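Here's the letter readout for the chains.
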Amino acid sequence: MDTRPHFTRAADEIPAAIIWNVSRPCQPDPHPRGDLPRRRHHLERARAGATGWRPLQQSAANGTRSKQERLTNAIDDGARATDRVERMDIRMTANQAREHGVEEGWGKLADAFRANFEAPGEVGAACSVYVGGRPVANLWGGLADREANRPWRNDTIVQVASTTKGATAICAHLLAQRGELDLDAPVARYWPEFAANGKEQLKVRWLLSHQAGLPIVDGPLTFEQACAWHPVIRALEAQPPLWRPGTQHVYHAVTYGFLVGEVVRRITGKSLGTFFAEEVAAPLGLSAWIGLPEEHEERVARLHFTDAFSVEELLAGMIKVTGLDADTVTAWVESMWSPGSIQMRAGELGGALDNATGYFTTRAWRAAEFPAANMLADARSLARMYAATVSDVDGVRLLDPSTVERMTVVQTDKTRMYGLPPGLDIPADRSFYMSLGFGRACPPAPMVGPGSFGHPGSGGSIGFADPDAGVGFGYVTNLWNFRPDDPRASNLANAVRSCLG
């Protein structure tokens, strides 16, 4: 039996250090890998006529998965079992490109989207891009449900995990822009009960920048209590900060949504999901919800997962993405993601979110409001939302340039990551380059330019904007991949840069 730890799927909570790639959660699998069948990733052929894709060639071939680059001293866990893989050679004719809404000059993006299905692989996915407030590409393909052979359609929606955080931040900045929320005011001005246990001077901005010192809830809480909202709020009111607020940072994987969401609720009298629906989604005509109405359940794509992977593979991927040396990355992982560490506990919400229960596949999870983690959306809606932060989109602009300038100033380059051992310093632009609610462009996450801002989600989704290029970008997938060097979103962003010239 292979007893070495492997990393496998989880809900959107662990680890979340590198805003682009390493922020996708992965945690040691609680089950021994030797007595459970490994999940296998199969590429399935698209059906003729499905969503405008035309499968031109199909072939079945035996092949061995290419091994991930490993650390020099890693123990090779042997060749992976071979799988029978049906590969897709998906090409778009001119008519099909028009059906998908790909404008002239954006063929490289369509090529990159198609190539992702071949390697590293997709089940179903969608990508959308706006430039200057206009859609220039809207791509979708594959299967929304592999087991049911249900095709991905233009109106398919999927969980986007922590990509939700960007939508939540937009709601907060809308209120700040209107003068209803002062980001430098104490949270207690809007939420008096929050002042307990040393939090009376904790500023609103520190909620958005993950510097509040409240990444965990001691609990205990049940899943039903978390879905009910108020028990979590009561727990956060009683929770003392782990550090003096504003002096350190660590990813508030789940509490972020409750903290920012409760401030929005106190100001507006509306839940974050309701405020988002009325003030962001409705004016822009988005198919995006934080708290999904039941009538849209049939549109939801089923989640699929890539293979588990080892600690050695995690380390190798982080070294590749960050450019940091092996000793630094190893010490970082050991300190931040060992059993019982703060970052591991951050996704548990006081015991309410137990991955073993499969809660993130349930109707109860999708119906509740977790403004850090459970938005369902399509790629068009992500792109359109972000486009409206930097451009006029059909007469709607969410945020003015001065708001965007203020909210995208990096905050975590001024504080140290909580939980690192003495003497270990990780540069913010290689670990957690966070502004007031948005990850900023940095070497591990270049997006399309130095001014880009957005937020990724567990498994691979991403939404971002670039004010200089006037870009709004959205990518969603139902094949969740937790490897830090998952290239799918990066491949698409690279293609966008190429198309922009």
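All values derive from a computational prediction rather than experimental measurement.

## Brief notes about the packing of helix α9 (residues 311-322) against helix α10 (residues 326-336)
Link 1 in the chain: Running from N to C, α9 and α10 cross one another at 120°; their axes reach a closest spacing of 10 Å. Classified by the angle between their axes, α9 and α10 sit oblique to one another. Read as a crossing pair, α9 and α10 show a hand that is right-handed. Contact residues: α9 offers Leu314, Leu315, Met318, Ile319 and Thr322, while α10 offers Ala326, Val329, Thr330, Trp332 and Val333.
Link 2 in the chain: Its residues placed into classes, the contact of α9 with α10 shows eight nonpolar, two polar and no charged.

## Observations concerning the confidence of the model for the chain
Link 1 in the chain: Chain-level statistics for the chain give a pLDDT mean of 83 and a share of 80% at 70 or above.
Link 2 in the chain: Here strand β3 (residues 54-63) stands out as the element of the chain with the lowest mean pLDDT, 27, in contrast to helix α3 (residues 164-177), whose mean of 99 is the highest.
Link 3 in the chain: Note on residues 1-99: pLDDT is under 50 here. Beyond four places in sequence and across chains, it has 281 contacts.

## A word on the pairing of strand β5 (residues 124-131)
Link 1 in the chain: When you tally the buried positions in β5, you get seven out of eight residues, the bulk of the element.
Link 2 in the chain: The pairing of β5 with strand β6 (residues 134-145) spans eight bridges and is antiparallel. When the sheet's bridge partners are listed, Cys127 is paired in β6 with Leu139.
Link 3 in the chain: Taking the residues that link successive antiparallel strands as the turn, the β5-β6 hairpin has two residues, and the phi of Gly132 there is positive, at about 60°.
Link 4 in the chain: Bridge count for β5 against strand β18 (residues 471-477) is seven bridges, and the pairing is antiparallel. Each bridged residue has a counterpart across the sheet, and for Ala126 the counterpart in β18 is Val476.

## What to know about the sheet that holds strand β10 (residues 288-289)
Link 1 in the chain: Strand order in the open sheet made by the three strands is β8-β13-β10, with antiparallel pairing throughout. Two strands close off the open sheet at either side, each with one partner strand: β8 (158-159) and β10.
Link 2 in the chain: Relative to strand β13 (residues 376-377), β8 runs antiparallel, the two being bridged by two bridges. Bridging from a neighbouring strand, Val158 pairs with Ala377 of β13.

## Section: α9
Link 1 in the chain: Helix length check: α9, at twelve residues, gives a terminal C-alpha distance of 16 Å against a target of 16 Å (1.5 Å per residue), a fit within 8%.
Link 2 in the chain: Listed as buried for α9 are Glu312, Glu313, Leu314, Leu315, Ala316, Gly317, Met318, Val321 and Thr322.
Link 3 in the chain: Downstream of α9 by one or two residues, Gly323 has phi in the positive range, about 75°.

## Concerning the sheet that holds β18
Link 1 in the chain: Sheet architecture is open: seven strands sit in the order β7-β6-β5-β18-β17-β16-β15, paired in antiparallel fashion. Every interior strand has two partners, whereas the edge strands, β7 (150-151) and β15 (439-440), have only one.
Link 2 in the chain: Across the face of the sheet, helix α13 (residues 379-390) comes into contact with β5, β6, β16 (453-456), β17 (462-466) and β18 while running at roughly 155° to β18.

## Some words on the packing of aromatic side chains
Link 1 in the chain: Enumeration according to the criterion identifies 19 aromatic pairs in this entry.
Link 2 in the chain: When the ring of Trp332 is compared with that of Trp337, the centres are 5.9 Å apart and the planes differ by 35°; the resulting orientation is tilted. Considered together, Trp332 and Trp337 belong to a single accessibility category, that of buried residues.
Link 3 in the chain: Pairwise contacts between aromatic rings join Phe223, Trp229, Phe258, Phe305, Tyr359, Phe360, Trp365, Phe370, Trp480 and Phe482 into one cluster.
Link 4 in the chain: The lysine or arginine in question, Lys199, covers the ring of Phe194, its NZ or CZ lying 5.1 Å from the ring centre.

## Description of empty space enclosed by the protein
Link 1 in the chain: Counting across every chain of the model gives five cavities of 30 Å³ or more.
Link 2 in the chain: By volume, the largest cavity amounts to about 50 Å³.
Link 3 in the chain: Every residue lining the largest cavity is listed: Ala126, Asn138, Leu139, Trp140, Trp152, Arg153, Asn154, Thr156, Asp378, Ala379 and Arg380.
Link 4 in the chain: Among the elements of the structure, β6 and α13 are those that each provide at least two residues to the lining of the largest cavity.
Link 5 in the chain: With three residues, β6 is the largest single contributor of residues to the lining of the largest cavity.

## Considerations on unusual backbone geometry
Link 1 in the chain: That bond from Ala119 to Pro120 is cis: its omega, 10°, falls within 30 degrees of zero.
Link 2 in the chain: You can see Pro120 is positioned in helix α2 (residues 107-121).
Link 3 in the chain: The linkage connecting Gly219 with the following residue, Pro220, adopts the cis geometry, with an omega of 5°.
Link 4 in the chain: By secondary structure assignment, the location of Pro220 is in the loop between α4 (204-208) and α5 (223-227).
Link 5 in the chain: Even without a glycine there, the phi angle at Asn149 is positive, about 55°.
Link 6 in the chain: Structurally, Asn149 can be placed in the loop between β6 and β7.

## As for the pattern of salt bridges
Link 1 in the chain: Summed over all chains, the structure comprises 22 salt bridges.
Link 2 in the chain: In this structure, Arg345 engages Asp218 in a salt bridge whose closest nitrogen and oxygen atoms are separated by 3.4 Å. Of this pair, Arg345 sits in helix α11 (residues 342-345) while Asp218 is found in the loop between α4 and α5, placing the two residues 127 residues apart along the sequence.
Link 3 in the chain: Overlapping salt bridges, with partners in common, bring together Glu193, Arg234, Glu237, Glu262, Arg265 and Arg266 in one network.

Definitions and limits used
- Residues numbered from 1 in each chain as written.
- Predicted model: local features only at pLDDT ≥ 70, side-chain atom pairs only at ≥ 80, totals over all residues.
- Heavy atoms only, no water.
- Axes fitted to C-alpha atoms, helices over the stretch in contact; angles between N-to-C directions.
- Helix = DSSP H or I, 4+ residues; strand = E, 2+ residues; numbered from the N terminus.
- Parallel < 35°, antiparallel > 145°, perpendicular 65-115°, else oblique.
- Left-handed = near helix turned anticlockwise from the far one by under 90°.
- Contact = heavy atoms within 4.5 Å.
- Nonpolar A, V, L, I, M, F, W, Y, C, P; charged D, E, K, R; others polar.
- pLDDT = per-residue confidence, 0-100.
- Buried < 20%, exposed > 50% of the residue type's maximum accessible area, 1.4 Å probe, protein only.
- Pairing = 2+ DSSP bridges.
- Expected span 1.5 Å × (residues − 1).
- Phe/Tyr/Trp six-rings, centres within 6.5 Å; stacked < 30°, edge-to-face > 60°.
- Lys NZ or Arg CZ within 6 Å of the ring centre and 35° of its normal.
- 1 Å grid on protein atoms, 1.4 Å probe; cavity = no way out; pocket = protein on both sides within 12 Å on 5 of 7 lines; lining within 4 Å.
- Points joined across faces, edges and corners; volume = space filled by probe spheres on them.
- Salt bridge = Lys/Arg side-chain N within 4 Å of Asp/Glu carboxyl O.

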